[in-house]
Amino acid sequence: FCLPEAIVLNTKVLKKLKGAFQAFDTKSDNTVDIKEIGTIFYSLGFFPTQADLQTFTSEVEDERSGYIHWDRFLPAMTKVLLEDKFPPISDELLLQAFEVLDKEKRGYLEPEELTDYMTKEGEPFTQEEMDEMLTAFTDEENKHIYYKDVIPHLTLERKM
C-alpha cells in the first residue's frame, strides 16, 4: 500500500503551501499565473535560479495556458520538498544578510533600499516581484520593513 506523496507533508507545511498559492489565486479558481511562481517560491523561503523556475513552470503549466493549477502545483512542490531541491536559507543566515544591509543597525530597511539590493544584486527580482514583496512586508504606519518580522514569512519548516 503506497500513500500519495502529498499525504507525506505535515499539515503545517501543507497549509503554508496552500496559503502561498492562494495569495496569488486572483480568480479563486485554484490557478495562478505562471509569472507568480517565483514570488510563491520566494515567499516560501526557496530561492531557485530563473532557469530552475522555468523548468518547474514548464513541468506544471496547464497546456501552455500561462496558468498553473493547484492539483499540478502540489505534487511538484511535494517533490521539491522531498528531494530538498532548493535547500532553505536558515533564519540565522537571513538575519545576518538583513543586518549586513542595515548598515546603521536600525532593525529595519527602507523599501527603496531593499528594492535597490534585490533588483541589482545576485539573481535580480523583477520590479513586479518587488512591488508584491513590498506590499506584503512594508509596515503601513511608518513604511519600514522590519526584517525580524519578515524572516518567519521567508522560511518554511520542512518537517515531513
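Residues numbered from 1 in each chain as written. Predicted model: local features only at pLDDT ≥ 70, side-chain atom pairs only at ≥ 80, totals over all residues. Heavy atoms only, no water.

A. Expanded view of the overall build of the protein chain. Within the protein chain, the regular secondary structure consists of 9 helices and 2 strands. Overall, the protein chain shows an N-to-C arrangement of helices and strands of α-α-β-α-α-β-α-α-α-α-α. The C-alpha radius of gyration computed for the protein chain amounts to 16 Å, which stays within 12% of the reference 15 Å derived for 160 residues, consistent with globular compactness. Each principal axis of the C-alpha atoms in the protein chain carries an extent, and together these give about 55 × 30 × 30 Å. Nonlocal contacts in the protein chain, meaning residues at least 24 apart in sequence, comprise 63% of its contacts between residues at least 6 apart. Taken as a whole, the protein chain presents about 9,600 Å² of accessible surface, with 53% of it coming from carbon and sulfur. In the protein chain, 18 side chains carry a positive charge and 33 a negative one; their mean positions are 3 Å apart. (Helix = DSSP H or I, 4+ residues; strand = E, 2+ residues; numbered from the N terminus. Rg over C-alpha atoms; globule rule 2.2 N^0.38 Å. Contact = heavy atoms within 4.5 Å. Areas by Shrake-Rupley, 256 points an atom, 1.4 Å probe, with all protein chains shown as cover. Lys, Arg positive; Asp, Glu negative; His and termini not counted. Charge placed at Lys NZ, Arg CZ, Asp CG, Glu CD.)

B. Fine view of the packing of helix 7 (residues 111-120) against helix 8 (residues 127-137). One way to put it is that helix 7 packs onto helix 8 with a least axis distance of 11 Å and a crossing angle of 145°. The two elements helix 7 and helix 8 meet at a crossing, and its hand is right-handed. Touching Pro111, Leu114, Thr115, Met118 and Thr119 of helix 7 are Gln127, Met130, Met133 and Leu134, all from helix 8. (Axes fitted to C-alpha atoms, helices over the stretch in contact; angles between N-to-C directions. Left-handed = near helix turned anticlockwise from the far one by under 90°.)

C. Quick peek at the layout of surface pockets. What the largest pocket holds in volume is close to 820 Å³. Lining the largest pocket are 33 residues, and of these Phe47, Met118, Phe125, Met133 and Leu154 sit closest to its centre. Elements with a contribution of two residues or more to the lining of the largest pocket: helix 2 (11-22), helix 3 (37-43), helix 6 (91-101), helix 7 and helix 8. A per-element tally of the lining of the largest pocket places helix 8 first, with 5 residues. Residue assignment places the lining of the largest pocket across two domains, with domain 1 (11-83) and domain 2 (91-154) each supplying three or more. Mapped by element, the contributors of at least two residues to the lining of the second largest pocket are helix 3, helix 4 (50-60) and helix 8. Sorting elements by how many residues they give to the lining of the second largest pocket places helix 4 first, with 4 residues. (1 Å grid on protein atoms, 1.4 Å probe; cavity = no way out; pocket = protein on both sides within 12 Å on 5 of 7 lines; lining within 4 Å. Points joined across faces, edges and corners; volume = space filled by probe spheres on them. Domains from an automatic or database assignment.)

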